[in-house]
Amino acid sequence: KGGRWGRRPSELAMDKLRGRAASFGRGLKEKIRSRASSAATTPSGTPSVTPSASPNGGGGFGSAMSSVGFGSDPDSATEEKLRKQQLSSKSTHEQLEAMRWLVTETGKKTSSYLNMAKQISISGGDGKKGGDAGMDSYLPSVVKLLATKHPELKRLVYIFLVRHAESKPDDTLMAVNEIQKGLNDSNNAQARVLSVRVLSSIRVQDIVPITFVVIKNAVFDPNPLVRKAAVVGLAKLYSFSRDMAEDLYEILLKVFDSEPSPLVVGSACEVFNSMCPERLEAIHYSFRKICKMLVDMDEWSQVAALNLLHRYARENFVNPNRRSGGESREEGAGMAEAAEPKAVESVDDFYGEDETGGAAPAATAEVSSRRAHPEDLMTEDHRLLLRCTWPLLQSRNSAGVMAVAALQFDFAPAYEHRRCAKAL
């Protein structure tokens, strides 16, 4: 009944479990103390991933995180050895930790270089731009991670590769084949977008022909996000290699002619403004398409498209207020200063003949014929432009509202200008 010492078997089992838990806790405390003491005896420059002893004699998460290596000298040999071991590790967690550290340190170095360059330019000194020699040594280890399937790790690898591609072009060429494999993934549009963006962002002269072929094929991809990345890549490639301007211009014309997505057409307008803003004849066949897609574009693409349409309208449309009232705004102001209107003494004088008693001059008929309605001076495309831009006065983007107001002021009849007042 009572078991040993008059106790039940369930109570004996609970006592046994409590004893095991207590012994396990004592062993764990001893291990933590031994690790803390070993970390305290290591050199200060050597990073450690084990929790170190806190000032009050215990360990904690803060002391453990401080010993991971953040804040230590990135140029030290021990730091480089540890990070390269993490990059070559089979653990995705360690690879992510190393890549996050590399991208963070690269950003710190870039900001310090920009500050140094600003100081040099202000002082007028002849300084040499600091290089990323410490970070460039990691590039061969980073290139090996391009085959990973982890999306966050792949993004970090691409960021690091783009920032350091110019310093080590040979290692970058080794990575191009792996980047191109993402273009063949027909089931993953995001992978194709990343591949196009990275290839167009790498500023290495040897891969310019490869990038051109990739962009030329990507503008006809079935996914609009891939096509948008390819269109933006045209501007990147143009900024790096001006010798290919005509070839890039032909691709841009094909985009304007055959693109059905407002997302891509809006990006094409931005690229057109940066590549060839003076070649407005290329917009003749795409003018109506751009006007009808304005409402569906994103806010900043609308601003680029409105600026493009404004310049196009200046070249091809007339001012509807030019003959409204017999003269334009400028001519009307000049004539008002030159001649004072004569006072009319009676209704008969107003409707009757002039002071000489003869008929009204022949010029009066000519002036009345010049006073045509502004709508008679506007073509169908002119009306389409005004009709498609009015709704954008409700845009949340103030730059878009200003662009619409400027366009309406120049090409809408004067009696319609009051529509812009509330939006402004």
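Since the model is a prediction, treat every value here as computed from it, not as a measurement.

## Here we look at the overall build of the chain
Within the chain one finds 21 helices and 0 strands. Of all 424 residues assigned to the chain, the portion counted as buried reaches 38%. The contacts in the chain between residues at least 6 apart in sequence include a share of 64% that link residues at least 24 apart. For the chain, the accessible area works out to roughly 25400 Å², and carbon and sulfur atoms hold 55% of it.

## Quick word on the nonpolar core
The biggest cluster of nonpolar side chains holds 92 residues, and the ones touching the most others in it are Met99, Leu102, Ile179, Phe272 and Ile290. Leaving out residues up to four positions away in the same chain, Met99 has contacts with Leu87, Val142, Leu145, Leu153, Leu156, Val157 and Phe160.

## Points about the packing of aromatic side chains
Using the criterion set out here, one finds 5 aromatic pairs in the structure. Plain terms: the ring middles of Trp101 and Tyr138 are 6.2 Å apart, the flat faces sit at 70° to each other, and that makes the pair edge-to-face. Taken together, the residues span a long stretch of sequence, with Trp101 in helix 4 (residues 92–123) and Tyr138 in the loop between helix 5 (133–136) and helix 6 (139–143) at a distance of 37 residues. An angle of 80° between the planes, with centres 5.9 Å apart, marks the rings of Phe256 and Phe272 as edge-to-face. In this pair, Phe256 is assigned in helix 12 (residues 245–258) and Phe272 in helix 13 (residues 262–275), connecting sequence segments 16 residues apart. Each member of the pair, Phe256 as well as Phe272, carries the same accessibility label: buried. A cation over a ring is seen here: Arg279 above Tyr249, with NZ or CZ 3.7 Å from the ring centre.

## A word on helix 15 (residues 299–316)
Helical geometry note: an α-helix holds 3.6 residues per turn, so side chains three or four residues apart project in the same direction. With 18 residues, helix 15 extends 26 Å from end C-alpha to end C-alpha; this agrees with the ideal 26 Å at 1.5 Å per step. Considered for burial, the residues of helix 15 that qualify are Ser301, Gln302, Val303, Ala304, Ala305, Leu306, Leu308, Leu309, His310, Tyr312 and Ala313. Of the surrounding secondary structure, the elements contacted by the buried residues of helix 15 are helix 13, helix 14 (287–293), helix 19 (380–389) and helix 20 (398–411).

## Some details on helix 20
For helix 20, which comprises 14 residues, the first-to-last C-alpha distance of 20 Å matches the rise-based estimate of 20 Å (1.5 Å per residue) to within 8%. Gly400, Val401, Ala403, Val404, Ala405, Leu407, Gln408, Asp410 and Phe411 are the residues of helix 20 that are buried. On its buried face, helix 20 is in contact with helix 15, helix 19 and helix 21 (419–423). For helix 20, the N-terminal capping position is held by Asn397, with its side-chain oxygen 3.1 Å away from the main-chain nitrogen of Ala399.

## Some thoughts on the side chain of Gln86
Take Gln86: it is sitting in helix 3 (residues 77–87). With a relative accessible area of 6%, Gln86 lands in the buried category. Beyond its immediate sequence surroundings of up to four residues, Gln86 is in contact with Glu94, Gln95, Glu97 and Ala98.

## Things to note about the packing of helix 19 against helix 20
Closest axis-to-axis distance for the helix 19/helix 20 pair is 10 Å, and the angle between their directions is 145°. As helix 19 runs across helix 20, the sense of the crossing is left-handed. Residues His382, Leu385, Leu386 and Thr389 of helix 19 pack against Val404, Leu407, Gln408 and Phe411 of helix 20. Here the contact of helix 19 with helix 20 is composed, by residue class, of 5 nonpolar, 3 polar and no charged.

## Comments concerning a nonpolar patch on the surface
Taken together, the side chains of Phe24, Leu28 and Ile32 present a nonpolar region at the surface, about 310 Å² in accessible area. With respect to the element layout, Phe24 can be found in helix 1 (residues 9–41). The class for Phe24 is exposed, based on a relative accessible area of 59%.

## Description of the confidence of the model for the chain
Averaged over all residues, the pLDDT of the chain equals 75, while 69% of them reach at least 70. Across residues 42–72, confidence stays below pLDDT 50; counting only partners more than four residues off in sequence or on other chains, it has 36 contacts. Taken as a whole, residues 116–131 scores under 50 in pLDDT and shows 7 contacts with residues more than four places along the chain or in a different chain.

## Observations regarding the packing of helix 13 against helix 15
Look at helix 13 against helix 15: their axes get within 8 Å of each other, and the N-to-C directions meet at 55°. Relative to helix 15, the element helix 13 lies oblique. Handedness of the helix 13/helix 15 crossing: left-handed. Taking contact as the criterion, the partners of Gly266, Ser267, Cys269, Glu270, Phe272 and Asn273 in helix 13 are, on helix 15, Trp300, Ser301, Ala304, Ala305, Leu308 and Arg311. The class makeup of the residues in the contact of helix 13 with helix 15 is 6 nonpolar, 4 polar and 2 charged.

## Some thoughts on the pattern of salt bridges
Applying the stated criterion to the full structure yields 11 salt bridges. Two residues, Glu152 and Arg100, come together in a salt bridge whose shortest N-O distance is 3.0 Å. Placement of Glu152 in helix 7 (residues 151–164) and of Arg100 in helix 4 is noted, with a sequence separation of 52 residues between them. When its relative accessible area of 36% is taken as the criterion, Glu152 is described as partly exposed. We classify Arg100 as partly exposed; its relative accessible area is 39%. Glu299 is paired through a salt bridge with Arg396; the nearest N and O atoms lie 3.2 Å apart. Within this pair, whereas Glu299 is found in helix 15, its partner Arg396 is found in the loop between helix 19 and helix 20, the two being separated by 97 residues in sequence. On the basis of relative accessibility, which here comes to 27%, the residue Glu299 falls in the partly exposed class.

## So, the side chain of Arg227
Within the secondary structure layout, Arg227 lies in helix 11 (residues 224–240). By relative accessible area, which is 10% here, Arg227 ends up buried. If we ignore the near neighbours within four places in the chain, the residues touching Arg227 are Ala218, Val219, Phe220, Asp221, Pro222, Glu259, Pro260, Ser261 and Val264.

Scoring rules and cut-offs
- Residue indices begin from 1 for each chain and proceed along its sequence in written order.
- pLDDT decides what is reported in this predicted model: residues at 70 or higher carry local features, side-chain atom pairs at 80 or more are listed and counted, and totals for whole chains, interfaces and linings draw on all residues regardless.
- For the side-chain quantities, the full set of heavy atoms in the structure was used; hydrogens and water were omitted.
- Segments assigned H or I by DSSP are reported as helices when at least four residues long, segments assigned E as strands when at least two residues long, and all are numbered from the N terminus.
- Only protein chains enter the calculation, and the probe is 1.4 Å; a residue is then buried if its accessible area is under 20% of its type maximum, exposed if over 50%, and partly exposed in between.
- Every residue pair with non-hydrogen atoms within 4.5 Å of one another is taken to be in contact.
- Each accessible area value is a Shrake-Rupley result obtained with a 1.4 Å probe; residue values ignore everything except the protein chains displayed when judging cover.
- Residue types Ala, Val, Leu, Ile, Met, Phe, Trp, Tyr and Cys, when buried and joined through side-chain atoms within 4.5 Å, form a set referred to as a nonpolar core.
- Stacked, tilted and edge-to-face are the three classes applied to pairs of Phe, Tyr and Trp rings, where Trp contributes its six-membered ring and a pair requires centres within 6.5 Å; stacked means planes under 30 degrees apart, edge-to-face means over 60, and tilted covers the rest.
- Charge over a ring is defined by NZ of Lys or CZ of Arg lying within 6 Å of the ring centre and within 35 degrees of the ring normal.
- By definition here, a helix of n residues has an expected span of 1.5 Å times n minus one.
- Any N or O atom pair separated by 3.5 Å or less is treated as a polar contact, with the protein-specific requirement of one donor-capable and one acceptor-capable atom, and with residues adjacent in sequence counted only for side-chain atom pairs.
- Axis definition: a line fit to C-alpha positions, over the contact stretch in the case of helices; interaxial angles, taken between N-to-C directions, run 0 to 180 degrees.
- By convention the crossing between two helices is left-handed if the near helix lies anticlockwise of the far one by an angle smaller than a right angle, and right-handed if it lies clockwise.
- As a working rule, the residues Ala, Val, Leu, Ile, Met, Phe, Trp, Tyr, Cys and Pro are called nonpolar, Asp, Glu, Lys and Arg charged, and the rest polar, with Gly in that last group.
- Patches in this entry comprise residues that are over 30% relatively accessible and not in a salt bridge; like charges within 9 Å are linked, as are nonpolar side chains (Val, Leu, Ile, Met, Phe, Trp, Tyr) within 5 Å.
- Definition used for salt bridges: Asp or Glu carboxyl oxygen within 4 Å of a side-chain nitrogen of Lys or Arg.
- The score called pLDDT rates the predictor's confidence residue by residue, from a low of 0 to a high of 100.
- Should an angle lie under 35 degrees it is considered roughly parallel, over 145 roughly antiparallel, and from 65 to 115 roughly perpendicular; all remaining angles are considered oblique.

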